Amino acid sequence: MATVLDSVRAFFAPTTTYAIDAETPADVVARETLLDRVMGPDRRMKSSEKIRRNRLPAEGLALVARNAEAHTIGTVRLWNIEAGIAMDGAPIDALLLGPLAVDCTCEGKGIGAALMRAAIMEATHRGHGAILLVGDAAYYERFGFFAEKTRHLVMPGPFQRNRFLALELKPGWLDGAAGMIVASGRKFA
Ligand SMILES: CC(C)(COP(=O)(O)OP(=O)(O)OC[C@H]1O[C@@H](n2cnc3c(N)ncnc32)[C@H](O)[C@@H]1OP(=O)(O)O)[C@@H](O)C(=O)NCCC(=O)NCCS
């Protein structure tokens with residue numbers, strides 16, 4: 001059966017020199033090198049990193065961009081979280097996106113946008129209700145991420161509220177969401 005990623009591959013492959021695909025173990029070293037280069041050594045100090053530490057990404061939601069030589073030139077991963085609690089006290093399942101990064105030599109070619117769209121499509125396809133992230137609103141608003149839905153939520157550490165954004169994949173999913181973001185994904189064995 002064709003998956004959402006098959007459609008994304010088919011859409012981008014004929015006209016560009018990159019493809020979006022599921023991450024494999026062969027991408028890991030290149031992905032970490034890319035993140036060190038693009039985001040610097042402080043990247044592991046971020047509050048988002050507390051959510052990711054010792055966890056595996058959400059099922060099917062670790063994506064890479066590869067160039068024509070099959071080198072990893074972009075990465076995005078999403079993580080299972082509880083986005084606070086709803087008004088009835090039940091935890092709200094959601095995803096935290098990040099990091100998103102594209103190799104500096106390939107910026108401005110739409111690769112970041114392709115990774116974002118593929119991630120949003122795949123998360124929707126898998127039935128998730130919302131995606132949260134911490135990042136520049138000027139970049140992420142084009143994909144539908146806004147700070148309004150996170151105003152009663154907090155990250156587990158320092159964060160800038162105007163960079164704490166969310167996209168609802170199911171309308172109203174974050175209505176009344178309040179409290180702290182907590183990791184809920186699978187742990188490394
Ligand atoms: C942000 C990033 C992923 C964008 O990747 P990309 O492949 O260059 O993005 P696209 O080609 O899809 O989009 C380029 C557009 O986004 C804009 N843009 C890029 N970063 C931006 C930012 N931080 N704020 C606002 N706009 C931004 C560019 O100016 C360009 O605008 P244009 O379309 O009007 O020319 C890439 O620059 C990167 O890896 N940056 C360093 C890591 C980072 O900041 N990650 C995000 C935080 S998790």
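Note that this is a predicted model, so its numbers are computed, not measured.

Student: Give me the pairing of strand β7 (residues 164-168): which residues, what numbers.
Tutor: Burial of β7 is extensive: 4 of the 5 residues sit out of reach of the surface. Of the pairings in the sheet, the one linking strand β5 (residues 130-134) to β7 comprises 5 bridges and is antiparallel in character. Across the sheet, L133 pairs through a bridge with L165, a residue of β7.

Student: So what about the site of the ligand? Which residues, and what values?
Tutor: Neighbouring the ligand are 17 residues; L100, G108, G110, G112 and D136 lie closest to it. Between an oxygen atom of the ligand and a main-chain N or O atom of K109, the distance comes to 3.3 Å. Protein burial of the ligand: of its 900 Å² of free accessible surface, 62% is covered by the chains. Within the residue set of the shell around the ligand, elements represented by two or more residues are α2 (28-39), β4 (91-102), α4 (111-125) and α5 (137-140). Of the residues belonging to the shell around the ligand, the class tally is 10 nonpolar, 3 polar and 4 charged.

Student: So what about the pattern of salt bridges? Which residues, and what values?
Tutor: The final tally for this structure, using the stated rule, is 17 salt bridges. Between K149 and E168 there is a salt bridge whose closest N-O contact spans 3.3 Å. A residue pair is termed long-range when its members are at least 10 positions apart, and K149 in the loop between α5 and β6 (153-154) and E168 in strand β7 qualify at 19 residues. Look at E168 and you get partly exposed, because its relative accessible area is 22%. One salt bridge in this structure joins D175 and K149, with 3.0 Å as the shortest N-O distance. Linking D175 in the loop between β7 and β8 (178-183) with K149 in the loop between α5 and β6, this pair joins segments that are 26 residues apart in sequence.

Student: Break down a nonpolar patch on the surface for me, citing the residues and quoting the values.
Tutor: Taken together, the side chains of V154, M180 and V182 define a hydrophobic patch exposed on the protein surface, amounting to about 220 Å² of accessible area. Assignment of secondary structure puts V154 in strand β6.

Student: I'd like a rundown of the pairing of strand β2 (residues 62-67), residues and numbers included.
Tutor: Looking along a regular strand, one sees the side chains alternate between the two faces of the sheet. Taken across its 6 residues, β2 has 6 buried, putting it largely inside the fold. The alternating pattern of β2 places A62, V64 and R66 and L63, A65 and N67 on opposite faces, both of which are buried. Note: strand β1 (residues 18-22) against β2, 5 bridges, orientation antiparallel. By the bridge assignment, D21 is partnered in β2 with V64.

Reading the values: rules and limits
Residues numbered from 1 in each chain as written. Predicted model: local features only at pLDDT ≥ 70, side-chain atom pairs only at ≥ 80, totals over all residues. Heavy atoms only, no water. Buried < 20%, exposed > 50% of the residue type's maximum accessible area, 1.4 Å probe, protein only. Helix = DSSP H or I, 4+ residues; strand = E, 2+ residues; numbered from the N terminus. Pairing = 2+ DSSP bridges. Near = heavy atom within 4 Å. Polar contact = N/O pair within 3.5 Å; in protein donor to acceptor, adjacent residues only side chain to side chain. Areas by Shrake-Rupley, 256 points an atom, 1.4 Å probe, with all protein chains shown as cover. Nonpolar A, V, L, I, M, F, W, Y, C, P; charged D, E, K, R; others polar. Salt bridge = Lys/Arg side-chain N within 4 Å of Asp/Glu carboxyl O. Patch = residues over 30% accessible without salt bridge, like charges linked within 9 Å, V, L, I, M, F, W, Y side chains within 5 Å.

From the geometry alone we can't say anything about function, so treat these as descriptive.
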